[in-house]
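Now for the letters of each chain:
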Amino acid sequence: MTDGTREITYREAIRDAIREALLTDPRVFLMGEDVGRYGGCYAVTKGLLDEFGPDRIRDTPLSESAFVGAGIGAALGGMRPIVEIMTVNFSLLALDQIVNNAATIRHMSGGQFEVPLVIRMATGAGRQLAAQHSHSLEGWYAHIPGLKLVTPATLEDARFMLAAALADPNPVLIFEHVMLYNRSGVLSADAEPVDIRRAIVRRPGKHVTLVTYGGTLFKTLDAAETLAKEGVEAEVVDLRVLRPLDGETLLASVRKTRRAVIVDEGWRSGSLSAEISARIMEAAFWDLDAPVGRVCSAEVPIPYPHHLEEAALPQPAAIVAAAKAALGA
Amino acid sequence: MSEADTAKPPLSCEHLLGLLAEMVRIRRFEEKCAELYQQEKIRGFLHLYIGEEAIAVGSMQALTPADAIVATYREHGHALARGVPMDRVMAEMYGKTEGCSRGRGGSMHLFDAATGFYGGNAIVGGGLPLAVGLALAEKMQQRAGIAACFFGEGAVAEGEFHESLNLAELWRLPVLFVCENNLYAMGTRLERSESQPDIHIKAQSYNVPAEVVDGMDVVAVEAAAQRVCAAIRAGGGPALLECRTYRFRAHSMFDPQLYRERAEVEEWKHRDPIDRLDAWMHQTGILHDGDLAAIEAQVATEIAQSVAFAECGHWEPVAEMARDVYAAEGAQ
């Protein structure tokens, strides 16, 4: 456990969360590709095999559909599985199980069965891993009734969202942005369980609302800092939960600032950013002083070279520019 | 082998009568469903199991109430043989709230927690990983149940078949894989889709013990199921039963059956599992005149009652449509 004074990384915060879950609930186990002996492809689960043994830390074959489906079956059978999928791109091999089984069984069985399953997966770009390891497809999953999606961006959320997800009787997908694993900081001693139903204001402001989540939170906070130096007070809303969306927190901020820019590493077309924009239009159109702006990834498969990858992703300068545009500056 | 001797099905007169009655019950239920479909009481897809009843009835004899069942979209027979009440199955066919899935699933999605019936799954191959997980839950919680998974030979072409057999054997999980090989994946004959049409051989690639059984012979299916389930329960890991069978009716109610010859269908009908057991029981003097008529009368009464139950059922109010998409707040 974290003692509150030690500086820890996002990666360690997640590991602490998994450890705590394994220690407190005998129904919890972890399975996925290379989570055991290898220690996890992003080293999140390092050391857990030694501590908990191969029954509860299960290395799986490269069979995403089978081990995700087995997680659903185990959840139906009374366990509380944590399934790790290496990246969201690989989760497409398990899409059938997630969309056709995990998301439907409670409703389709008339509420007789439930799937209290947690699936963790890495998402996002920034490590020059090219077009099959770098995408942000969480917006696709946000389309599906029956699923819950959370995107821990801060150390506190990395540390505490898992417990809340495991306590939730619904299937919960946790998206961990690959560029967050090495971020470090001191987890406050009084950090406590989090509410995974709510978005949160990470920085208060009054001139424009910047709406974001996950890997782009810190880029957005950087942009807000830049804007502050120019006299623009941006409010940063971290969505935290992509489904069901916390419209209340989002709309309260937009109604206050009367301007909104959405920052999303997903592509723009048919996206989560489009959904958020539409909700703002539907519920707060008459409160707006400017069109809703968006900063998204370029509509290309994420390229390998560093300069192209950076150019494809939302960056603080573009967020600053979009905020200024919303202000008519 | 010695297990085979001890696992011989109890061929008592009463037991055989029970097998016959259960197959007749399923057959007549589905014939009624076809009729109700023509009357538009039942809508959507309706996949009949007629001709294949021996597999569900035979294999269910080897399963206990503690076991979990995962089936396909052709699962009326499995649900009935498992003990899901017929009136609740019929109400589900109608889409009424009294149905075993609250009317939400219809013919392809029968669920019943009370009997451990984890659904008709309408994605070919989609149920196999679930069965692996249910078996994993049994093993990790040191419970004695096994997971039985029914699927057609079409599912063998899906990656889930291969991934699931491998994972189940790798982790030595108590899964009974029952392949109902009726030769046609909708309209595609086995030889047209599999480079190796002997399905049980594929199980060898995963070190999963497999047997082929005549799926038109309920006693043979039961004997095989008892034998492999005993091995699974003894900790032997998963096993596969390939039951060779044939569906007498079309794939669904929309199928003009252009892909198979009428003569082939007629030939298989000579092996009808009900006629076969009936004839054998007559020959051996187990079945007496009037026994079958008594079964038919009892089944007819049950079906009439289940239709009446479904007719009297209620439509789910539209206001409740979103119930159970998620657990109710505070349910955790």
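Within every chain, residues take consecutive numbers counted from 1 along the sequence as written. Think of it this way: whatever chain is written first is A, whatever ligand is written first is 1, and the rest follow in order. Side-chain atom pairs in this predicted model are given and counted only at pLDDT of 80 or more, local residue features only at pLDDT of at least 70, and totals for whole chains, interfaces and linings cover all residues.

Secondary structure elements are taken from DSSP: a helix is a run of H or I of four residues or more, a strand is a run of E of two residues or more, and numbering for both begins at the N terminus. Helix and strand counts for chain A stand at twelve helices and 14 strands. Here the globule rule reads 2.2 Å times residues to the power 0.38, and the radius of gyration is calculated from C-alpha atoms. Taking 20 Å as the expected radius of gyration for a compact globule of 329 residues, we find that chain A reaches 20 Å, a close match to that expectation. Viewed in the frame of its principal axes, chain A has a C-alpha envelope of about 60 × 45 × 40 Å. Considering only intrachain contacts with a sequence separation of at least 6, the fraction spanning at least 24 residues in chain A is 78%. It is the C-beta atoms, placed from the backbone, that decide contacts: two residues are in contact if theirs lie within 7 Å.

A word on the overall build of chain B. Within chain B one finds 13 helices and eight strands. By the compact-globule yardstick of 20 Å for 332 residues, chain B fits well, its C-alpha radius of gyration being 20 Å. In this scheme the burial state of a residue depends on its C-beta neighbours within 10 Å: 20 or more other such atoms mean buried, 12 or fewer mean exposed, and anything in between means partly exposed; the C-beta positions come from the backbone. Put simply, chain B has 332 residues, and 53% of those count as buried. Across chain B, the fraction of contacts at a sequence separation of at least 24, relative to all contacts at a separation of at least 6, is 75%.

This part covers the interface of chain A and chain B. Contacts between the two partners involve 37 residues from chain A and, on the opposite side, 37 residues from chain B. Contributing elements (two or more residues each) for the side of chain A that touches chain B: α3 (64–76), α4 (95–102) and α5 (105–108) of chain A. When residues in the side of chain A that touches chain B are grouped by element, the largest group, ten residues, is from α3 of chain A. Put simply, Ala, Val, Leu, Ile, Met, Phe, Trp, Tyr, Cys and Pro go in the nonpolar bin, Asp, Glu, Lys and Arg in the charged bin, and everything else, Gly too, in the polar bin. Looking at the side of chain A that touches chain B residue by residue, the classes come out as 15 nonpolar, 17 polar and five charged.

The next thing to look at is the packing of helix α2 (residues 13–38) of chain B against helix α12 (residues 273–283) of chain B. A packed helix pair is summarised by two numbers, namely the angle formed by the two axes and the spacing between the axes. All names here are of chain B. With axes taken as lines fitted to C-alpha atoms, and helix axes fitted only over the stretch in contact, angles between N-to-C directions fall between 0 and 180 degrees. Where α2 contacts α12, the axes come no closer than 10 Å and their chain directions differ by 150°. Between α2 and α12, the crossing angle belongs to the class labelled roughly antiparallel. The way α2 lies across α12 gives a crossing that is left-handed. Listed contacts from α12 to L16, L19, L20, M23, V24 and R27 of α2 are P273, I274, L277, D278 and M281. The class makeup of the residues in the contact of α2 with α12 is nine nonpolar, no polar and two charged. Note on terminology: angles under 35 degrees are roughly parallel, angles over 145 are roughly antiparallel, angles of 65 to 115 are roughly perpendicular, and the others are oblique. Crossing chirality is assigned from the near helix's rotation relative to the far helix, an anticlockwise turn below a right angle marking it left-handed and a clockwise turn marking it right-handed.

Multiply 1.5 Å by the residue count of a helix minus one, and that product is the helix's expected span. Compared with the 18 Å implied by 1.5 Å per residue over 13 residues, the 18 Å span of α3 of chain A between its first and last C-alpha is a close match. Where burial is concerned, most of α3 of chain A is hidden: 13 out of the 13 residues are buried.

With that settled, the discussion passes to the sheet that holds strand β3 (residues 57–59) of chain A. All names here are of chain A. The strand order across the open sheet formed by seven strands is β3-β2-β4-β5-β7-β6-β12, and the pairing between neighbours is mixed. Whereas interior strands pair on both sides, the edge strands pair on one side only; in this sheet they are β3 and β12 (241–243). Sheet twist, expressed as the average angle between the axes of neighbouring strands with direction ignored, equals 20°. Between any two strands, at least two bridges found by DSSP are needed for them to pair. Pairing geometry for strand β4 (residues 80–87) and strand β5 (residues 118–123), over five bridges, is parallel. The partner of E84 across the bridge, within β5, is R120. Along the sheet, α3 contacts β2 (28–32), β4 and β5; its crossing angle with β4, the most-contacted strand, is approximately 160°.

All names here are of chain A. Per the domain assignment, the segments of chain A are domain 1 (7–186) and domain 2 (200–326). Contact with domain 1, which involves 23 residues of that partner, is made by 21 residues of domain 2. Those elements that provide at least two residues to the side of domain 1 that touches domain 2 are α6 (138–141), β6 (148–150) and β7 (172–177). If you tally residues by element for the side of domain 1 that touches domain 2, the top one is β6, at three residues. When grouped by side-chain class, the residues that make up the side of domain 1 that touches domain 2 number eleven nonpolar, nine polar and three charged. The split of the chain into domains comes from an automatic or database domain assignment.

The subject of this paragraph is the pairing of β5 of chain A. Residues and elements named next belong to chain A. For β5, a buried count of six out of six residues is recorded, marking the element as mostly surrounded by other parts of the structure. Burial of the side chains of β5 extends over both faces: V118, R120 and A122 are buried on one face and I119, M121 and T123 on the other. Two strands pair when backbone bridges link them, and β5 and β7 are joined in this way by six bridges, in the parallel orientation. When the bridges of β7 are listed, A122 appears paired with E176.

For the purposes of this analysis, a nonpolar core is taken to be any set of buried Ala, Val, Leu, Ile, Met, Phe, Trp, Tyr and Cys residues that are connected through C-beta atoms within 7 Å. Counting 195 residues, the largest nonpolar core has L210, V261 and A323 of chain A together with V132, C149, V175 and L176 of chain B as the members making the most contacts within it. No fewer than three residues from each of domain 1 (7–186) and domain 2 (200–326) of chain A sit in this core. Beyond its immediate sequence surroundings of up to four residues, V132 of chain B is in contact with A66, G69, A70 and G73 of chain A together with S164, L167, A168, L173 and V175 of chain B.

A few words on the environment of G126 of chain A. Residue and element names in this part refer to chain A. Tracing the sequence through the fold places G126 in the loop between β5 and α6. As a C-alpha pair, G126 and D50 span 76 residues in sequence and 31 Å in three-dimensional space. Residue contacts for G126: discarding those within four places in its chain leaves V178, M179, E309 and L313.

Take unusual backbone geometry next. Residues and elements named next belong to chain A. A cis amide bond, omega -10°, links R243 with the succeeding residue P244. Looking at the secondary structure, you find P244 in the loop between β12 and α9 (247–257). One non-glycine residue, A130, lies in the positive phi region at around 65°. For A130, the location among the structural elements is in the loop between β5 and α6.

Another point: the packing of α3 of chain A against α4 of chain A. Residue and element names in this part refer to chain A. Where α3 contacts α4, the axes come no closer than 8 Å and their chain directions differ by 25°. Classified by the angle between their axes, α3 and α4 sit roughly parallel to one another. In contact with S65, V68, G69 and I72 of α3, α4 contributes D96, Q97, I98, N101 and A102. Broken down by class, the residue content of the contact of α3 with α4 amounts to four nonpolar, four polar and one charged.

Turning next to the environment of L308 of chain A. Residues and elements named next belong to chain A. Mapped onto the elements, L308 comes out in helix α11 (residues 306–312). The exposure class assigned to L308 is partly exposed, which follows from the 14 C-beta atoms found within 10 Å. Taking the C-alpha atoms as reference, L308 lies 24 Å from A153; in sequence the two are 155 residues apart.

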